[in-house]
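Remarks on the overall topology
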Amino acid sequence: ATSFGYLLTDKSNELIKLWKLFNLLSFEHQFIVTILISSVITLLSVTTFVNDTLIPAVNSSKSLIKVDVDDTPATIDSRTEFEVPSILPADDKVLFEETFDRVTKEFVDDLPTLYELPEEAVAWIKRMIYYTAAGGKMNRGLSLVAVQKVFAKVNGKTLSNKERIQSA
């Protein structure tokens, strides 16, 4: 982003030349260049995130999170506090739906006050969440719960109620 901003402000002629060269490429070559640039940007973003966020937390003696090879996001999350029921449904789909409803309700309830959204906007966001996430992402959510169970089983463990809710 910094390089692009530099090109826009100080080197607009170079940016125009690059754009003209890019447009001379065939569609297939434009596609490949675009994928390569996107991949490099994504890789640099992830690398920056890991270096700035995860590595200092892991290497710090004051770290709140002690990371082990077998740890997962659900097992090392010590910063998020939430109520964990003592009894959870055995069926992962029911657990996912209940957790989804609870998290969605908490999120939607905060919209009018935190973001000063009118009720019409809040209602639209709620419909959109249920349409896209519950309808379109449930299989992805259920597979995450299943994978968490498999990883725990391979390591000779069972998921705690907190870990089941976090993975749902």
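In what follows, the accompanying structure is described. (Residues numbered from 1 in each chain as written. Predicted model: local features only at pLDDT ≥ 70, side-chain atom pairs only at ≥ 80, totals over all residues. Heavy atoms only, no water.)

Oppositely charged side chains are able to pair whenever their charged atoms sit close together. Tallied over the entire structure, the rule returns 4 salt bridges. Close ionic contact of lysine 105 with aspartate 109 constitutes a salt bridge, the shortest N to O distance being 2.6 Å. Of this pair, lysine 105 and aspartate 109 both sit in helix H5 (residues 92-114), 4 residues apart, which is roughly one turn of that helix. Each of Asp92, Lys149 and Arg164 takes part in one network of salt bridges that share partners. (Salt bridge = Lys/Arg side-chain N within 4 Å of Asp/Glu carboxyl O. Helix = DSSP H or I, 4+ residues; strand = E, 2+ residues; numbered from the N terminus.)

Our next topic: helix H7 (residues 138-154). Because each turn of an α-helix spans 3.6 residues, side chains separated by three or four positions in sequence point in the same direction. With 17 residues, H7 ought to run about 24 Å at 1.5 Å a step, and its terminal C-alpha atoms sit 24 Å apart, in line with that. Of all the positions in H7, only Met138, Gly141, Leu142, Val145, Gln148 and Ala152 are classed as buried. Across the axial projection of H7, the buried residues extend over an arc of 115°, all falling on one side. Relative to its buried face, H7 has exposed residues pointing more than 90 degrees away, namely Asn139, Arg140 and Val154. (Expected span 1.5 Å × (residues − 1). Buried < 20%, exposed > 50% of the residue type's maximum accessible area, 1.4 Å probe, protein only. Arc of directions from axis to C-beta.)

Turning to the packing of aromatic side chains, a few remarks are in order. For the coordinates displayed, the defined rule picks out 2 aromatic pairs. Geometrically, the ring pair formed by phenylalanine 96 and phenylalanine 100 is stacked, given 6.1 Å between the ring centres and 15° between the ring planes. Within this pair, phenylalanine 96 and its partner phenylalanine 100 are both found in helix H5, separated by 4 residues, close to a single helical turn. Taken as a pair, phenylalanine 96 and phenylalanine 100 share a single burial class, namely buried. When its relative accessible area of 15% is taken as the criterion, phenylalanine 100 is described as buried. Site record: aromatic cluster; members linked through ring pairs are Phe96, Phe100 and Tyr130. (Phe/Tyr/Trp six-rings, centres within 6.5 Å; stacked < 30°, edge-to-face > 60°.)

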